[in-house]
Amino acid sequence: MKAKVLRMLVLAMALVMALGVGLAFSACSKADWDLKIAVVHKEYGQRWINALARKFEDETGLVVEVEANPNLQSEIPNRLQNGSDDDLFFSHGITWELFAARGLLEPLDDLYAMQVSDGVTVADKVLPQFASASQFNGHYYKVAWTNGTGGLVYNKKMFEDRGWAVPTVYSNPDNPDCDPEAGEVGLMELCEKILADTDGEVKPFVWSSETYYWDYVVFDWWAQLAGVDAIETYTQLASPDVFDPAAHPEQKEALKAWKNLIADHPEYSMEDCAGKQYTAAQMEFVTGKAAMIPCAQWLESGMTGNYDESTCVMDIMRTPYLDGAKKDESGEYIPVNYSVGSTNSGDSIIIPADADHKDAAKQFVAFMLRDDNLKLFSEETYGVQLAADYSNVTLGDDATDFMKSVYEINATSQKFDLLSSALPVLQGYLSLDWPVEGVQHYASLVADPSTDIDALYQSNYEEIVSEWSEWFA
Amino acid sequence: MNDTASPRANGQGTCAADKTACAEGLKKPRFKVTKDWALWVVFAVFFVYAVTLVFPFVWMLFNSVKGNQEYFTNIWAFPQSFHVENYTNVLFDYDVHGVTLFGMFGISILVTLFGTALSLLMSSIAAYVIAKYKFFGRNALYALAVFVMAVPVAGTLPAQYSIMQTLHLTNSIVGVLILYAGGFGFNFLILYGFFKNLSWEYAEAALIDGCSDFGIFFKIMLPMARPALIAVGVIHAIGLWNDYLTPSIYLPNTPTLAVGVNLLLSELRGRSAYPEMFATMIIALIPILVVFICFQKTIMENTVAGGLKG
Amino acid sequence: MSEAKAAATAAEKLQKGGQSAENAPKRKGLDRKKRKAIFICVMLAFPLVQLFVFWFLVNVNTVVMSFQEFDWLSGKYIFNGFKNFIRVFEEIGGGSAVTRRTVINSVLYFPVTCFISLPLSILFSYFLYKKVPGAAAFRVIFFLPSIIPVAVLTMTFSFSFDATLGFVNPILRALGVENIPSWFGRYPNNQIMIFAYCIWAGLGTNIVLISGAISRIPVEIMEYSKLEGVGKARELFQIAIPLVWPTITTTFILGCTSVFTVMMQPLMLTPSTTDTYTIALMIYNGVLNGRNLPYLSAFGLAMSVIGVPIILLIKWALGKVYADVEY
C-alpha cells in the first residue's frame, strides 16, 4: 500500500518534471532583441519599466527585453566583469566609480549631449546636482535614476476628521518658536494635542527597527540649519574640519532635535518601536494606531489596496522647520529636501562597456527623460520621480494627494544629497551620512537617552582627524 | 525497500518493536512507574516545543487565504473569508520567462535529484576514503574540509563565473550539477563521522574472499551507510531545492522553483500582497513536506532494521 | 569517564569491534598495498579536482586580493603587503566598534550552538529514540523549521514579540511580569533574541542527524544495558553518547564553523543594525555594497586562519574523549 503510494508519487513527479522540462525548453528562446534592460526589482515594482519599454518599442520598432530581478544589485559586478547580454542596468548601490575606474562602463558624455526633445539635451534635463555627481575623472559614467522624497507620512483622513493641522515648524514647547498668527503649527504641540484628543489611544508616531527612515527627517533638519551649499561643501571633503562639531554643529543639532522628539518623549511613539519590524510599523500606521510614520515616496504604492481607506488616507508633509532654520531675504524659510537613496553611490543607470546595443541603450535613456515619459514613470510608480527636471510636467487628474505632495515637495525644495567620490568614501573608510562608520544613533539613543551627543561628535571628529592623512595617502 | 525492511524489523522480535515493554517485563515494577513518569514529562516539553514550531506553519496557512485588508487589520485572527484565488492566481496567472510554477517544479526536481545523488556519492567517497584508509595527507585533507566550511568567502562569484564560462558550463544544468557535486563540506563532515565508527569487519571478510576495495565500498559500505545517506541526503536535497544563488546565475532561462518563487515573492512583497506571498510559500513547501513525511518512515524503518547484527 | 569507557568496551565486545584498515592482516603483501593506492587515487580524483577548480582556483582570487588594494588612478588592484591584515587587527583591537562587536557576536555563536543547542538536540534525540508517546509525529514537527522559509519563521518570531501586535507581552503581563524589556530594540537584547531564535529553529537538523545515529546503535547493546539495570541518565551518558561520539564530534565541529557562517538570522531579524553583525553578514553586506573588497577578503581570511586551527584542536581533543567504537 505504502509502496504503491510512493510509486504513484514518483510517477506524478516524473510527469510534472517532463512537463516542466518541456515547457522550459520551449520557453528558452535565443537572444533576439535590440535592447536588453535589467532592472532591480524592489520598491518601485516593474510596471514602470514594462510600460516604458512597450512605449519605446511602439515608437522605434526596436524589440526590448526586460529583466526585473530582485537580486540584480549583487549580480552586477559579475555581469560587468564577465560580460553579459545586458545593455542597460537600473539599480541601487552600484559602485559605479569602481567599475568606471576599471574600464567596465561605457562613458556617457555623448549621451549627455543627446537631444531629449527639440533643443533640450540630456544634460539640460538631468538635475544639475545629480549630473555633477555622475562624473568620474572628468567623464560621465552614469545617469542618476530616481530623485527620492522622504519625510513624515501622515494619516490625512485622521488629521481631517480630528481637525489637526499639518505641522509646519518643530517648535519646542520649552522654547516656543511657533507663530500661530502666521499660520504656523508646531510639531511638538501637535504631538501633545494628538495624545490629549485621543486619550493616548492614538500615538503621534510609529516607526520601526529600520530606523534609517528617520534620516529623511533628520537630514532635512540638518540642511535647514546648514543650508544645501554647506552640505555640498561637506561632501567634497576638502579638509577634516568639515566634521568639526564646533564649526559645523548642524547635524549634531538635528540629531538632538530628534532625540528630544523621540528618545526623550517615549509617549509620542508606540511602545518599543526600535524593536518593531518595518511591516509591523506599516500595519499600525494604516490601521490608525499612529498618526505619522517616517518613510518615503514608495509607502503608498507599496500598500495600495491593502488597507481600509475609511481608516487611513496617506499624505506626506514637508519636514517641519527647526528653530534656527535658514530663511531667505523675505524672511521665508528656505525649503530643502534630501534625495532619498543618495548616500554612497545612490541609484544609478549604467551601460556596460561591452554592451551589444549601446546606441539603443542611450536612445532609451534619452527617451525616458522626455516630459511625457517622466510623467509615465511617476504614474506607474505612484509618485516616484526620476532625477530630472519636472518643471514642465503636470500630474494627471487621477493622481493621489500623496503623489501630488511628493511632486510638490520635489519641485519646490532645494534638493541635496550626500554623494561623494572622495577616496575615503570610495574605499569604505568613511560614511558621510553618519560618520565615521555609518552607524545610526537612533536605537541607541532610545535605549539610553542619557547619551552625550556632544561627546559623541567630538570623539568622531578626533578619530577622523587622526585617520585623515592615512585615508588620503 | 520497505517491504524487505519491515519483516526484518519484526523479525527482531517484540523487543525490537517495543523495547521498553520488553525490558520492563524483566525489571522490577517500581522502575516502570518512574520511567513512564519521566517520559510523560519529556512528552510535555516536546509538546510545547512542537506547538511553537507548528504555529508559524499554521499562521502562514491561515493568512494565505485572507484578503489583503483582512491580513493588515489583524494578523493573528482566524480567517473571516477564504480567498482561494490567492492560490489559483499564484499557480496559473504568474510565470517567469514563460515558465509557470508547474514547470519550475519540474526543473527543481531534476536539479535536486541529480544534484543530491552526485553530491552524496562524491562526499561519501571522500569521507569513506579519508576515514578508513591511512595515507599521506589524509589529516591535511580533513583540515582542508574544515577550512572549506569555515572560510567566509568575499566576492568570489565573478571568479567562479569566469571559470564556469571558460569551461562552457554556464546556462547548463550539467554545469550546475558539477558545482553541486562537491565532495567536501557539510556532507563530508557528517559522513566522515559516520564511516569513522562503521565496522571494518565485513570489509575484512570480503577482502579475504578476494573482493576489491571498490567492491567493498560499493557493495558493502555504501549500502550499510544507507541510513546516514538518507539523513544527509534529505537535508542536502532540501538545501538544493531551496538554493537560490547558483541556479539564478547559471540557469537564468530555466528558473528552478526557488528562483521563480523568489522573483514572485519579491514582486508580491513589493505590492504588500502578503496573503498571496504566503500562498506561494505554501505551494513551494508542500512537496518538501510530503517527501519528508515519506522519507521519515523510510528513515525509521531503515534504522530499526539497519543494525549490523539484525 | 572510566565507566563510559567500560560501557564502550562492552559494546566493543558485543560487536567484536573494529580494526582499521591498517591493522588488518596484510594477506596479499605489496600487491594489496598497490591496489589500495590505486583505489585511493581513483576514488579521490574527482572530489579533489572539483575542489581544486571550484574552491581553490576560485579562492586564489580572494587570497591574492587580500594582499592588494585598488588603485583609483590606474584602475587596477596593486600589491600592498599586509596592510589589509594590519587594518583588520587594528579594527578588532578597538579601531572600529562595529568590527569589534562583529567578531564578539560571531564568537558567541560557538557556545550557543555547541553548549546549548547541541546538548538539547542530544537529549531530544535520545528521548525520541526512547519512544516518547508520539515520537514519529514529533520527529516530523521538529524538522519543520528546516523546511519553512526563514523569512516566514523570522516574521512570525518577531511579530510574536512585537510590543503592540504580538501576543508574548500580553501573556507576560497577565502573568504579572512588569518592565517587559524591548526584545529587539536594543543591544544586547536583540543579540540574545537571535540566539534564542537560532536554538529554537536550529534543533531540527541536529535532531535528524543525531537521532539517525542513535537509532543505529544495535538494539542488543541497549538491551544488554537494560538487563544490567542501567538507568536512563547512565544509559544516555555512558552508552548512547559514547557510541555516537563521532557524530556528536562532527555536529560540534559544525557548530564551531557557525562562528563563520551565520548570516541569515541577524539579517532577517534585525535588518538594519550593525549591533548584531556577524563575520559572514559583515562580508555579505560589504560585498553587496562593493566597498573595499580587498579588505573584506583579508578580514574573512584572517578570521579563518585563526579559527580553523582552533577548530582542528577541538576536534583532536574531542577525539580523545572516547575511543572510537565501530559497530
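This text follows the structure it describes.
What you see is a predicted model; the values in this text were computed from it and never measured. (Residues numbered from 1 in each chain as written. Chains lettered and ligands numbered in written order. Predicted model: local features only at pLDDT ≥ 70, side-chain atom pairs only at ≥ 80, totals over all residues. Heavy atoms only, no water.)

*Asks:* Can you walk me through the overall build of chain C in this structure?
*Replies:* Of the regular secondary structure elements, chain C holds 14 helices and two strands. Classification of the 327 residues of chain C by burial places 57% in the buried group. Residue pairs at least 24 apart in sequence account for 68% of intrachain contacts in chain C once pairs closer than 6 positions are excluded. Total accessible area computed for chain C in this model is approximately 13,400 Å², and 68% of it derives from carbon and sulfur atoms. (Helix = DSSP H or I, 4+ residues; strand = E, 2+ residues; numbered from the N terminus. Buried < 20%, exposed > 50% of the residue type's maximum accessible area, 1.4 Å probe, protein only. Contact = heavy atoms within 4.5 Å. Areas by Shrake-Rupley, 256 points an atom, 1.4 Å probe, with all protein chains shown as cover.)

*Asks:* Sorry, what's going on with the interface of chain C and chain B here?
*Replies:* Quoted interface sizes are often the accessible area lost when the parts come together. Of the residues lining the interface, 104 residues belong to chain C; the matching set on chain B comes to 105 residues. For the chain C and chain B pair, buried surface summed over both sides reaches about 9,800 Å², with 77% attributable to carbon and sulfur atoms. Where chain C touches chain B, the interface holds zero salt bridges. Counting the contacts that link chain C with chain B gives six residue pairs in polar contact (both at pLDDT 80 or more). When residues of the side of chain C that touches chain B are assigned to their parent elements, the largest contribution, 21 residues, is made by helix α2 (residues 29-66) of chain C. (Buried area = accessible area lost by both parts, 1.4 Å probe. Salt bridge = Lys/Arg side-chain N within 4 Å of Asp/Glu carboxyl O. Polar contact = N/O pair within 3.5 Å; in protein donor to acceptor, adjacent residues only side chain to side chain.)

*Asks:* Would you explain the pattern of salt bridges in this entry?
*Replies:* Between side chains of opposite charge, a pair can form when the charged atoms approach closely. Residues and elements named next belong to chain A. Counted by the stated rule, this structure contains 32 salt bridges over all chains. A salt bridge links Glu106 to Lys358; its shortest N-O distance comes to 3.2 Å. Within this pair, whereas Glu106 is found in the loop between α4 (96-101) and α5 (109-113), its partner Lys358 is found in helix α15 (residues 358-368), the two being separated by 252 residues in sequence. On the basis of relative accessible area, Lys358 is assigned to the partly exposed category, the value being 24%. If you follow the salt bridges from partner to partner, you end up with Lys36, Glu67, Glu75, Arg79, Asp85 and Asp86 in one network.

*Asks:* Would you mind going over the state of the cysteines with me for this structure?
*Replies:* What we call a disulfide is simply a covalent bond connecting the sulfur atoms of a pair of cysteines. What the rule picks out here adds up to zero disulfides over all chains. Between Cys114 of chain C, a free cysteine, and Cys256 of chain C, which holds the nearest cysteine sulfur, the sulfur-to-sulfur gap is 4.3 Å. (Disulfide = S-S within 2.5 Å.)

*Asks:* Please explain the packing of aromatic side chains as it appears in this structure.
*Replies:* Two aromatic rings, taken as a pair, are described by how far apart their centres are and by the angle between their planes. Summed over the entire model, instances satisfying the criterion amount to 93 aromatic pairs over all chains. Ring centres 6.1 Å apart and planes at 75° place the aromatic pair Trp207 of chain A and Trp258 of chain A in the edge-to-face group. Here Trp258 of chain A lies in helix α12 (residues 250-263) and Trp207 of chain A lies in the loop between β10 (203-205) and α10 (215-226), a separation of 51 residues in the sequence. For Trp258 of chain A, a relative accessible area of 0% gives the class buried. When the centroid spacing of 5.7 Å and the interplanar angle of 20° are considered together, the rings of Phe138 of chain C and Phe142 of chain C count as stacked. With a gap of four residues between them, Phe138 of chain C and Phe142 of chain C both fall in helix α5 (residues 135-147), about one helical turn apart. As far as the burial class goes, Phe138 of chain C and Phe142 of chain C line up, both buried. Directly above the aromatic system of Tyr295 of chain C lies the positively charged group of Arg87 of chain C, at a separation of 4.0 Å from the ring centroid. Sitting above the plane of the Tyr142 of chain B ring, Lys315 of chain C keeps its charged end 4.1 Å from the centroid. (Phe/Tyr/Trp six-rings, centres within 6.5 Å; stacked < 30°, edge-to-face > 60°. Lys NZ or Arg CZ within 6 Å of the ring centre and 35° of its normal.)

*Asks:* When you look at the environment of Pro287 of chain B in this model, what are you seeing that I'm missing?
*Replies:* Residues and elements named next belong to chain B. With respect to the helices and strands, the residue Pro287 is situated in helix α17 (residues 274-305). The exposure class of Pro287 is buried, given its relative accessible area of 17%. Residues Pro287 and Phe105 lie 182 residues apart in sequence; the distance between their C-alpha atoms is 9.1 Å. Setting aside chain neighbours within four positions, we find Pro287 in contact with Phe105 and Trp241.

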